[in-house]
Amino acid sequence: MTITGSKGKARDEGAVPSSVALEASGLGHAYKGREVLGSIDFAVRRGEFVCIVGPSGVGQTTLLRCLAGLQRSTRGQVLVKGTAITEPVRGVAVVFQDYSRSLMPWASVRDNVTLPLRANGTPKVEANRIAAESLAQVGLDEHVSDLYPWQLSGGMQQRVAIARALAYGPEVMLMDEPFASVDAQTRADLEDLVRRLQRDLELTVILVTHDIDEAVYLSDRVIALAGKPAHVSDIVDVPLGADRDQIGTKGTPEFAEIRAAVHGLIRRKDDAVS
Amino acid sequence: MSTSPSAVAPATASERAPRPARQPRAGRTRRLVTQLGAVALAFLVWWVASFTLPIGVMPSPVATFVRLGALASVPEFWAAFGTTVATFAAALAFCTVVGIPLGLAIGSSSFATQSTRLVFDFLRTIPPIAILPLVLLTIGANFQMVLTLTILGAIWPILIQSIYAARQGEALLVEMATSYQVPRGWFIRHIFFPGALPFVMTGLRIGTTICLLLTITGELLGGAPGLGFEIADAQAFYDNERMYAYVIVSAALGLLVNAGFYALQRRLLRWHPSVRREDAR
Amino acid sequence: MNKRLLRDLGLEIWLPIVLVVVWWFASASSTSFYFPPLSKIMESFAADWLDPTQAFDNLLPSLALLGMGYGLALVSGVVIGTLFGLVTPLEEAARPVLEFLRAIPGVALLPVFIVLFGIDQPMKVLLIAFGSFWPVFLNTVDGVRGIEPLLLDVAGVFRLGRARRLFSIILPGASPQIFAGARTALAISLIIMVVAETVGGSGGVGYFLLDAQRNFRVQSMWGAIIALGILGYLLNIAFRIIERLVLRWHRLQQARLESNS
Ligand SMILES: Nc1ncnc2c1ncn2[C@@H]1O[C@H](COP(=O)(O)OP(=O)(O)OP(=O)(O)O)[C@@H](O)[C@H]1O
Ligand SMILES: [Mg+2]
């Protein structure tokens, strides 16, 4: 399934079971009795790029950790390719928001990237080869592999984290505010990088962000979360085509329109609650 | 880090205040029950060991505590206890009163810090116990000997941490002086001392532990009166119950000292972000 | 650069030199039995500690004992500490018992250990290990519990096995704390080593000291104090070299954080 394939389709029309990569079904979560996620339902098609937006603290990280199998939800299910999961499964990689904490400070960039490979028993030489490939894919030079991650700039560190996820050979990539702590230019570069990778590798990407521009620019669909406990307030299609660029796409009237729609959605729901 | 004397050890986990229990009531009760269970288990192990091991090696817990109760009504027991506590307190007081001001003074000058570094580093690494024979010969098996030994062993961590503390404060001073115009007195009171305190407390914590260890050691090996002597004496008479009873008293003293120190630290450093951060974790 | 290094060296070395010189001349004409001239002390120091056969006789048993006791403390402290750090309920339940055991001044256990384990090498090894176990253990528990939770998530996502999780994430993450504990433990094991060696007659620095004391050989006692100081100093340097190698990443990272703030 290609991105253009989803273009213009009505929301749930394409969700034929076999093409669904990941699905949340009646997903709810409570921390020590305090409900954070209400009942969340959505399905993400294979090869689709979906962004989840919502106000800060709404529970996006919680949702993502449930999707990844890192957290057992207190209600409902997460299905990966139709099977309910209770722990992280093969094929689902995660890129965390805080690269400075999610990379191992004691390991070189190379060792960070090969971590998932060594975990599944890939021989060292092969692992290093794949790591070099992944680093190249995210646009990092060969010579950084011997450095420690904290010797790199923030943007480069996040590239390393993405390379690590790629080295895992994932079908689904979950990203938690991956560009929240880098400067605007780097952010734009990384956005384009992720979009390009997603298309080239036919990845299914679910990306959490607060930034509505970013969500609209990147995704095929935007899932808006709102409320306490959080629920899916709406799902908006983004029929902007496959070829997007930072200036051109963001300047189109369609973009502005979708953006305004999503914006209103989140604000309205937010106000209604508080 | 370049300003720190190499002898300084960073605060280790065991030197920090314990985290307060911030749990719901149900969790706290459950924890208390498991803790009581663990204590009971420890006594059970002791009790089983007392009759599985060859006779005379380990008295049963009951016998030990009965003996401890009997000891508590004997004046010699309280004399030994009092001597140990007094020696410990006097040594700690001396180390504090001399070590902290001296350390802060030395640390306030980078010349003094660098000059004294090797000397203190060397003196610190001599196991204090090595000078026991010497002080024993020169002073004799008495209170003063133990006091000397204890001071000579425990003053170094306090001194060295205080030097380090002052270096930290001094670094702040340089920074402040270049950015703001602050009167020196105000600076010392509001920036230097609060900034130095956590490091001083770390030194004091290590020093306190060493003080108690050396007090007991000096009495035990040097034959000076006190709890340590009683332990050695009981062993010499193959009186295991008395020996275990005195070891338990030493441990209780250690517990008391630790608890007292935590309380002091929490009081003095309540405001300090590092303690608050530790607590929150 | 070199000039600065030289200046620093000069700054650090002048006082020790002055002190030694003052000691040397002030004590030169000393007739006190307890404070012999430094020249005499150095004579017996050279005889007891610089002559290879003598030095081996005195030092080797001590180093062997220290190595075994300290090694045992390190291994057991890290292993048990990791276990307790990972299994929080276990640590919480055992805390009162552990607090009590740790509060026992290590040397007070000497008579108990003699009764339990005799007066030979195993007793000494165990006594050193018991005394220096606590800093390693407590720091390991704290280090393991303080592991960056996000890294545990990373380990989960990439489905690291138990062993790899332990050796790739948990132990490296706790290593700065473990080293801090190991350094305290080294000082403690040195003290207990000397104490333990005063029991029985298997040689070593502690026995040497006791022997000198019994025979009123004050010069030898002074010499042994100096020798122990040097030994402790060298062990500390060795420790620091290892720490600098193993924790290179940590040192560099801290330096970077400091220069940025
Ligand atoms: N481990 C936890 N235990 C208890 N409460 C938690 C835990 N993790 C998160 N929460 C609470 O759940 C709510 C949602 O947290 P979450 O981190 O999922 O939000 P978020 O949308 O990702 O926030 P942000 O935008 O700031 O990243 C918050 O109120 C938070 O305080
Ligand atoms: Mg979040």
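The structure this text deals with has already been given above.
Everything numeric here is computed off the predicted structure, so don't read it as measured data. (Residues numbered from 1 in each chain as written. Chains lettered and ligands numbered in written order. Predicted model: local features only at pLDDT ≥ 70, side-chain atom pairs only at ≥ 80, totals over all residues. Heavy atoms only, no water.)

### What to know about the overall build of chain C
Stated precisely, the cut-off is as follows: Elements are defined by DSSP. Helices are runs of H or I of four residues or more, strands are runs of E of two residues or more, and each kind is numbered from the N terminus. Only protein chains enter the accessibility calculation, which uses a 1.4 Å probe; a residue is then buried when its area is under 20% of its type maximum, exposed when over 50%, and partly exposed in between. Contacts are residue-level and defined by heavy atoms, with any inter-residue pair within 4.5 Å sufficient. The method behind every accessible area is Shrake-Rupley, applied with a 1.4 Å probe, and residues are considered shielded solely by the protein chains displayed. Counted charges follow a simple rule, with Lys and Arg positive, Asp and Glu negative, and His plus the chain ends left uncounted. Taken as the charge centre is NZ of Lys, CZ of Arg, CG of Asp or CD of Glu, depending on the residue.
A tally of regular secondary structure across chain C gives 11 helices and 0 strands. Reading chain C from its N terminus to its C terminus gives the helix and strand order α-α-α-α-α-α-α-α-α-α-α. Overall, the C-alpha framework of chain C stretches about 75 × 60 × 30 Å when taken along its three principal axes. Sorting the 261 residues of chain C into buried and exposed places 50% on the buried side. The long-range fraction of contacts in chain C, counting pairs at least 24 apart against all pairs at least 6 apart in sequence, stands at 71%. With the model as given, the accessible surface of chain C reaches about 12,100 Å², and the carbon-plus-sulfur share is 69%. With 20 positive and 17 negative side-chain charges, chain C shows a separation of 8 Å between the mean positions of the two kinds.

### Describing the packing of helix α4 (residues 109–119) of chain A against helix α6 (residues 154–167) of chain A
All names here are of chain A. Heads up, the condition is: Only C-alpha atoms enter the line fits that serve as axes; for helices the fit covers just the stretch in contact. Angles between N-to-C directions range over 0 to 180 degrees. Angles below 35 degrees are treated as roughly parallel, those above 145 as roughly antiparallel, those between 65 and 115 as roughly perpendicular, and all remaining angles as oblique. Helix crossings get a hand from a simple test, with the near helix turned counterclockwise from the far one by less than a right angle marking a left-handed crossing and a clockwise turn marking a right-handed one. All residues other than Ala, Val, Leu, Ile, Met, Phe, Trp, Tyr, Cys, Pro, Asp, Glu, Lys and Arg, Gly among them, are scored as polar; the first ten of these are nonpolar and the last four charged.
Between α4 and α6, the shortest axis-to-axis distance is 7 Å and the interhelical angle comes to 30°. Between α4 and α6, the crossing angle belongs to the class labelled roughly parallel. The element α4 and its partner α6 pack so that their crossing is right-handed. Within the contact between the two elements, α4 uses Val109, Asn112, Val113, Pro116 and Leu117 and α6 uses Val160, Ala163, Arg164 and Ala167. Each residue belonging to the contact of α4 with α6 can be placed in one class, and the counts come to 7 nonpolar, 1 polar and 1 charged.

### A word on the interface of chain C and chain A
Spelled out, the test is: Buried area, as used here, totals the accessible surface that two parts lose on assembly, with accessibility defined by a 1.4 Å probe and the loss added over both. Salt bridges, as used here, are contacts in which a Lys or Arg side-chain nitrogen is within 4 Å of a carboxyl oxygen on Asp or Glu.
In this assembly, 20 residues from chain C lie in contact with 26 residues from chain A. With both chains or domains summed, chain C and chain A bury close to 2,300 Å², and 68% of this area falls on carbon and sulfur atoms. When the buried area of chain C at its contact with chain A is split by residue, Val157, Phe158 and Trp249 of chain C rank highest and sum to 28% of it. For the pair chain C and chain A, the interface holds 2 salt bridges.

### Section: the packing of aromatic side chains
The following threshold applies: Two aromatic rings, drawn from Phe, Tyr or Trp (for Trp, its six-membered ring), form a pair once their centres lie within 6.5 Å of each other, and the interplanar angle then sorts them: stacked below 30 degrees, edge-to-face above 60, tilted otherwise. For a lysine, the NZ atom is tested; for an arginine, the CZ atom; a charge sits over a ring if that atom is within 6 Å of the ring centre and within 35 degrees of the ring normal.
Evaluation of the coordinates by the stated rule reveals 28 aromatic pairs over all chains. Between Tyr164 of chain B and Phe199 of chain B, the aromatic rings sit 5.1 Å apart at their centres with planes inclined by 90°, giving edge-to-face as the arrangement. Here the residue Tyr164 of chain B occupies a position in helix α6 (residues 143–179), and Phe199 of chain B occupies one in helix α7 (residues 184–222), the gap between them amounting to 35 residues. Of the residues examined, Tyr164 of chain B reaches a relative accessible area of 10% and is grouped as buried. Residue classification places Phe199 of chain B among the partly exposed positions, given a relative accessible area of 24%. Taken together, the ring pairs in this structure connect Phe84, Phe113, Phe117, Phe130, Phe133, Trp134 and Phe137 of chain C into an aromatic cluster. Positioned above the aromatic ring of Tyr168 of chain A, the side-chain terminus of Arg90 of chain A is 4.8 Å from the ring centre. Taking NZ or CZ as reference, Arg217 of chain C lies 5.7 Å from the ring centre of Phe208 of chain C, over its face.

### Concerning the site of ligand 1
All names here are of chain A. Put simply, the rule is: Note on definitions. A residue lies near a molecule or strand when any single heavy atom of the residue is within 4 Å of it. Polar contacts, as counted here, are pairs of nitrogen or oxygen atoms within 3.5 Å of one another; within protein the pair requires one atom able to donate a hydrogen and one able to accept it, and residues that are adjacent in sequence qualify only if both atoms are side-chain atoms.
As a structural note, the neighbourhood of ligand 1 is formed by Tyr31, Arg34, Val36, Ser56, Gly57, Val58, Gly59, Gln60, Thr61, Thr62, Glu177 and His210. Here a nitrogen atom of ligand 1 and a side-chain polar atom of Tyr31 are 3.3 Å apart. Residue Ser56 places a side-chain N or O atom 3.3 Å away from an oxygen atom belonging to ligand 1. Elements supplying a minimum of two residues to the shell around ligand 1: β2 (34–45) and α2 (60–68). The greatest single-element share of the shell around ligand 1, amounting to 3 residues, is contributed by α2. The residue makeup of the shell around ligand 1, split by class, is 3 nonpolar, 7 polar and 2 charged.

### Digging into the side chain of Ser189 of chain C
All names here are of chain C. Relative to the elements of secondary structure, Ser189 occurs in helix α8 (residues 162–197). Exposure remark for Ser189: the relative accessible area of 0% places this residue in the buried category. A polar side-chain atom of Ser189 sits 2.9 Å from the main-chain carbonyl oxygen of Leu186. Setting aside residues no more than four positions away along its own chain, Ser189 makes contact with Leu66, Tyr70, Ile128 and Ser132.

### Section: the interface of chain B and chain C
Taken together, the contacts link 67 residues of chain B with 62 residues of chain C. Buried area between chain B and chain C, both sides added, is near 5,500 Å², and the carbon and sulfur share of it is 70%. Among the residues chain B hides against chain C, the three largest losses belong to Gln114, Leu134 and Leu137 of chain B. Together they make up 12% of the total. Linking chain B with chain C are 2 salt bridges, by the criterion used here. The shortest N-O distance in the salt bridge between Arg31 of chain B and Glu92 of chain C comes to 3.6 Å.

### Some thoughts on the arrangement of the chains
Among 2 pairs of chains with at least one contact, chains B and C form the most extensive contact set. You won't find any contact between chain A and chain B; their C-alpha atoms come no closer than 10 Å.

### What to know about the sheet that holds strand β8 (residues 204–209) of chain A
To summarise the sheet geometry, strands pair through backbone hydrogen bonds and adopt either a parallel or an antiparallel arrangement. All names here are of chain A. Cut-off, in case you're wondering: A strand pair is defined by DSSP finding two or more bridges across the two strands.
Spatial ordering of the open sheet is given by β6-β7-β8-β3-β9-β10, a layout of 6 strands whose pairing is mixed. Edge positions in the sheet fall to β6 (92–95) and β10 (231–237), since each of these pairs with one other strand and no more. Across this sheet, the average inter-strand angle for adjacent strands is 20°, counted without regard to direction. Bridge count for strand β3 (residues 49–53) against strand β9 (residues 221–226) is 4 bridges, and the pairing is parallel. What sits directly across from Cys51, in β9, is Val222. Helix-sheet contacts for α2 involve β3, β6, β7 (172–176), β8 and β9, and the interaxial angle to β7 is about 155°. Of the strands in this sheet, β3, β7 and β8 are in contact with helix α7 (residues 184–200), which crosses β3 at around 140°.

### As for the sheet that holds strand β1 (residues 20–31) of chain A
All names here are of chain A. With respect to topology, 4 strands assemble into an open sheet ordered β2-β1-β4-β5, the strand pairing being antiparallel. The strands lining the two open edges of the sheet, one partner per strand, are β2 and β5 (83–84). Bridging between β1 and strand β4 (residues 75–80) involves 5 bridges; their strand directions are antiparallel. Considered in β4, the bridge of Ser25 is made with Gln77. Along the sheet face, α2 touches β1, β2 and β4 and points at about 125° away from the line of β1.

### Thoughts on the pairing of β8 of chain A
Residue and element names in this part refer to chain A. Here is the rule we go by: Crossovers are marked right-handed if the path from the first strand over the helix to the second runs clockwise, as seen with the strands pointing away from the viewer.
Most of β8 is tucked away: 6 of the 6 residues are buried. In terms of strand pairing, β3 meets β8 through 5 bridges, oriented parallel. Opposite Val53, over in β8, you have Thr209 as the bridge partner. Relative to β8, β7 is paired through 5 bridges, and the arrangement is parallel. When the sheet's bridge partners are listed, Met173 is paired in β8 with Val205. Traced from β7 through α7 to β8, the parallel crossover comes out right-handed.

### Considering helix α5 (residues 110–117) of chain C
Taken residue by residue, α5 of chain C has Leu110, Pro111, Val112, Phe113 and Ile114 of chain C as its buried positions. Turning to α5 of chain C, the residues buried within the fold contact α7, α8 (227–236) and α9 (240–268) of chain B together with α6 (121–145) and α8 of chain C. Just downstream of α5 of chain C lies Gly118 of chain C, where phi reads positive at about 85°.

Geometric values such as these leave the question of function open.
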